[in-house]
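Chain by chain, the residues:
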Amino acid sequence: MSREVLQCHNVSRHFKLGPQTVEVLSHIDFSVEPGELVSIVGSSGSGKTTLLNLLAGLDTPSEGDVYMAGQALSKLGDRERARLRNQYMGFVFQFHHLLPEFSALENIVMPMVIGGHYRSDSHQKAHDLLERVGMKDRALHRPAELSGGERQRVAIARALINEPKVVLMDEPTGNLDDSTSEQVHDLIMELNRDSNASFVVVTHNQEWAQQMPRQLRLKKGRISTIQSASDQDPKA
Ligand SMILES: Nc1ncnc2c1ncn2[C@@H]1O[C@H](COP(=O)(O)OP(=O)(O)OP(=O)(O)O)[C@@H](O)[C@H]1O
């Protein structure tokens, strides 16, 4: 099996709109190594969310393939793809997508329930994660009883419950004010340092993206730069 947790091999995505073909992504090639933290940046409409959806196996490339754990997603059936996603990936979106009728704790264990991995120690695991994201005393709160930043912390804990190899995040702080965003940015960096999971994060926040070890810039559907933190540090 290859070392990379995710690979994009010559991936293109276009959409047919009547007689028109909209070229959204063209010939994207890159891979994500174990434990890496990578940002995807680019102006609005450059294809970031489209790329993230392809990496997540939620959409299919028009050309090329995405490999997850060395397996081409296009070769898997819907069921196998869903199982691999559940076991292998965690997701955090701009809007938390927590289930309103369930507590923070119940939301966090949900991916284990869905994946059929619910065990007697699942609640303990969720409590541990709540503590890691600084939400120990909010276990029984429902989403409506949490602040925006707290809801995102719960969503992050939920993304980690199945011990994924890779966590995909689409504008995880896009809906938060500046100071709350900064706290959540610090949390994400810390969780990446403390876990073996790779994180791929779409963000508009340049300052934060530059703190990440690797930056992938999209321009009109193509990768225009892949920059690592050492490229930016003249002493490195
Ligand atoms: N299903 C679709 N059919 C046609 N065009 C689409 C479809 N999905 C996305 N696009 C087009 O693809 C382009 C890239 O969209 P995408 O959402 O990936 O951009 P983005 O970089 O994430 O933008 P933003 O930063 O504004 O969220 C846009 O021009 C969009 O109109």
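Refer to the structure presented above.
A few points on the structure. Source: prediction; values computed, not measured.

Thresholds, definitions, all that
Residues numbered from 1 in each chain as written. Predicted model: local features only at pLDDT ≥ 70, side-chain atom pairs only at ≥ 80, totals over all residues. Pairing = 2+ DSSP bridges. Helix = DSSP H or I, 4+ residues; strand = E, 2+ residues; numbered from the N terminus. Axes fitted to C-alpha atoms, helices over the stretch in contact; angles between N-to-C directions. Near = placed C-beta within 6 Å. Nonpolar A, V, L, I, M, F, W, Y, C, P; charged D, E, K, R; others polar.

Sheet strands pair by backbone hydrogen bonding; their relative direction is either parallel or antiparallel. If you trace the 6 strands from one edge of the open sheet to the other, you get β6-β7-β8-β3-β9-β10, paired in mixed fashion. Of all the strands in the sheet, the pair left with one neighbour each is β6 (89-92) and β10 (222-228). Strand-to-strand twist across the sheet, computed as the mean angle between neighbouring axes with direction ignored, equals 15°. The sheet contact formed by strand β9 (residues 214-219) and β10 spans 6 bridges and is antiparallel. By the bridge assignment, R217 is partnered in β10 with T225.

Another aspect to go through is the site of the ligand. Taken together, the residues surrounding the ligand are F15, L17, V22, V24, G42, S44, G45, S46, G47, K48, T49 and T50. Residues belonging to the shell around the ligand are distributed by class as follows: 4 nonpolar, 7 polar and 1 charged.

Our focus in this paragraph is the pairing of strand β4 (residues 63-68). In this sheet, β4 lies alongside strand β1 (residues 6-17) in antiparallel orientation, the contact comprising 5 bridges. Across the sheet, H9 pairs through a bridge with D65, a residue of β4. The pairing of β4 with strand β5 (residues 71-72) spans 2 bridges and is classified as antiparallel. For M68, the partnering residue across the bridge sits in β5 and is Q71. Joining the antiparallel neighbours β4 and β5 is a turn of 2 residues, in which A69 adopts a positive phi near 50°.

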